[in-house]
Amino acid sequence: MQTSLADFIRDSAEGREADAILRMCVHCGFCTATCPTYQVLGDDLDSPRGRIYLIKRALEGAPVTGRTRLHLDRCLTCRACETTCPSGVRYGRLVDIGRAVVEARTTRPLWQRLWRALLAFALPRPALFGAAVKLGRLFPVKKLPPLHAAGAWPAPRHARKMLVLAGCVQPALAPSINAAAARVLDRLGISLVEAPAAGCCGGIRFHLNEQDAGRDDMRALIDAWWPMVESGEVEAIVITASGCGVTVKEYGYLLAQDPQYAEKAARISAMAKDLCEVLDEKTLPAARGSERVAFQSPCTLQHGQQLRGKVEALLVRVGYELAPVEDSHLCCGSAGTYSLLQPAISGELRTRKLAALQKAGPQAIATANIGCLAHLQAGAGVPVRHWIELVERKMPA
Ligand code: SF4
Ligand code: SF4
């Protein structure tokens, strides 16, 4: 694609990167077939190809309006288009750059600004979010998944130690996930530890288009982890929510222009692993069983981290029968704060996803991300759990 970026961005790092990405797009449209918003809305401007065109025009200095922003807002950042694209267009990076430019050049209505500010303030603060969830549990709030007891967290006893990200919303919504991961890894000879004062990975504020604030959260998390990383005490950083995992794996890129943090960020990203990457299937007890489970592979796992088939293999290894799931590459509509900002599209995608997941009559749905878990549970007819909790159930006592 021919480009002619405007003076305001041409010579910046973002401009050079966006230009290189735009030039790779040959406008073939293959990506539209796997774009969830194009499938729901049928408008080319709600497809990757259309959004790439809108971003190109914005970076070339064409006027941008609320309509431009709306089409970018409707993008789930699921990155299914990246997996599909034969030319290797890194759409996720391009849309971050485009969104920042469009945000700066348009003004949102007051209600949108207030709603987004509230989410950006409350979600990344575990204490505040935890208090809100406790309050919400006093009432029948459908959006909250049932609370399962965390159980004991084994004391560190092994020479092999890994850090685990507690996260911002997961401790309040599902404290059982990291505790189950700690117990499974403990049995395999690895102690899982959390760092005091570690907070949000930065993904929430970054994807609410508060990119500078998101980077502040990333730096704060690096500071919290750094003593244990620098001392060599931990061999990896384990992340049990694939949405946070994809963000931490991109710290090296997202902080590359920060001279104080670039090196540390790259090291943190290199150490970051989704939980399914540190569990070797062969170390789990093999079993056969008849309990049928449908696995919902979050976009941040299969497209963002390009991890496909690993969780499924672990579930089969410990004795679950995997239910077939049609269109498993499509987003469930959760997408971070998307379900709160674009409820109609998000709700339609959840309905479609749940129909696909429940078609073969599974007894449970497994997932790898807390956002998807809460979003799906609100409409599912069967329990939705993190896959590590299902794996733990099959481990001998
Ligand atoms: S992003 Fe890739 S698949 Fe989509 S139009 Fe461009 S080149 Fe084609
Ligand atoms: S990231 Fe997802 S929603 Fe956005 S354009 Fe790509 S496929 Fe469509």
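Quick look at the structure, then.

Conventions and cut-offs
- Residues numbered from 1 in each chain as written.
- Chains lettered and ligands numbered in written order.
- Predicted model: local features only at pLDDT ≥ 70, side-chain atom pairs only at ≥ 80, totals over all residues.
- Heavy atoms only, no water.
- Pairing = 2+ DSSP bridges.
- Helix = DSSP H or I, 4+ residues; strand = E, 2+ residues; numbered from the N terminus.
- Core = buried A, V, L, I, M, F, W, Y, C linked by side-chain atoms within 4.5 Å.
- Buried < 20%, exposed > 50% of the residue type's maximum accessible area, 1.4 Å probe, protein only.
- Contact = heavy atoms within 4.5 Å.
- Axes fitted to C-alpha atoms, helices over the stretch in contact; angles between N-to-C directions.
- Near = heavy atom within 4 Å.
- Nonpolar A, V, L, I, M, F, W, Y, C, P; charged D, E, K, R; others polar.
- Patch = residues over 30% accessible without salt bridge, like charges linked within 9 Å, V, L, I, M, F, W, Y side chains within 5 Å.
- Areas by Shrake-Rupley, 256 points an atom, 1.4 Å probe, with all protein chains shown as cover.
- Salt bridge = Lys/Arg side-chain N within 4 Å of Asp/Glu carboxyl O.
- Parallel < 35°, antiparallel > 145°, perpendicular 65-115°, else oblique.

A sheet is described by the order of its strands in space; here 4 strands give the open sequence E6-E5-E7-E8, paired in parallel fashion. Here the strands that pair on one side only, and so sit at the sheet edges, are strand E6 (321–322) and strand E8 (384–386).

Okay, the nonpolar core next. Counting residues in each nonpolar core, the largest one holds 92 residues, and the members touching the most others are Trp225, Leu315, Trp387 and Ile388. Per-element tally for this core: the top contributor is helix H13 (residues 211–230), with 8 residues. If we ignore the near neighbours within four places in the chain, the residues touching Trp225 are Leu163, Leu165, Ala195, Ala198, Ile237, Val248 and Ile268. Leu59, Tyr91, Leu94 and Val102 belong to the second-largest nonpolar core, a separate cluster that totals 23 residues.

What follows covers the sheet that holds strand E3 (residues 236–239). The sheet built from 4 strands is open, its strands ordered E2-E1-E3-E4 with parallel pairing. Either end of the sheet is taken by a strand with one partner, and the two such strands are strand E2 (190–193) and strand E4 (272–274). Pairs of neighbouring strands in the sheet enclose a mean axial angle of 40 degrees, with direction left out of account. Direction of pairing for strand E1 (residues 160–164) relative to E3: parallel, over a ladder of 3 bridges. In the sheet register, Leu163 faces E3, and the bridge partner there is Ile237. Of the strands in this sheet, E3 and E4 touch helix H16 (residues 262–271), which is tilted by about 30 degrees from E4.

Residues Ala364 and Ala366 line one face of strand E7 (residues 364–367) and the alternating positions Ile365 and Thr367 line the opposite face, and both faces are buried. Both strand E5 (residues 292–295) and E7 contribute to a ladder of 3 bridges, which runs parallel. By the bridge assignment for E7, Phe295 is matched with Ala366. Pairing between E7 and E8: 3 bridges, direction parallel. For Ile365, the partnering residue across the bridge sits in E8 and is Val384.

Within the structure, ligand 2 sits among Cys35, Pro36, Thr37, Pro48, Arg51, Cys75, Leu76, Thr77, Cys78, Arg79, Cys81 and Tyr91. Counting residues per element, the ones that place at least two in the shell around ligand 2 are helix H3 (36–41) and helix H4 (48–59). For the shell around ligand 2, a count of residues per class yields 8 nonpolar, 2 polar and 2 charged.

Time to look at the side chain of Glu17. Looking at the element boundaries, Glu17 is found in helix H2 (residues 13–24). Take Glu17: its relative accessible area is 16%, and that puts it in the buried class. In contact with Glu17, other than residues within four places in its own chain, are Arg90, Arg93, Ile97 and Tyr253.

Before going further, it helps to spend a moment on a nonpolar patch on the surface. Together, Trp111, Trp115 and Leu118 give the surface a local cluster of nonpolar side chains, amounting to about 350 Å² of exposed area. The residue Trp115 is located in helix H8 (residues 110–122) in this model.

Turning our eyes to something else, we now look at the packing of H13 against H16. Two elements in contact, H13 and H16, have axes whose closest approach is 11 Å; the angle formed by their N-to-C orientations is 75 degrees. The angle between the axes of H13 and H16 places the two elements in the roughly perpendicular class. Contact residues: Ile222, Trp225, Trp226, Val229 and Glu230 in H13; Lys264, Ala265, Arg267, Ile268 and Met271 in H16.

Here we take up the pattern of salt bridges. Scanning the entire structure with this criterion turns up 27 salt bridges. For the salt bridge of Arg205 with Asp217, the shortest nitrogen-to-oxygen distance reads 2.9 Å. Of the two residues, Arg205 sits in helix H12 (residues 203–207) while Asp217 sits in helix H13, which places them 12 residues apart along the sequence. The exposure class assigned to Arg205 is buried, which follows from its relative accessible area of 17%.

Treat this as a map of the structure, not an account of what it does.
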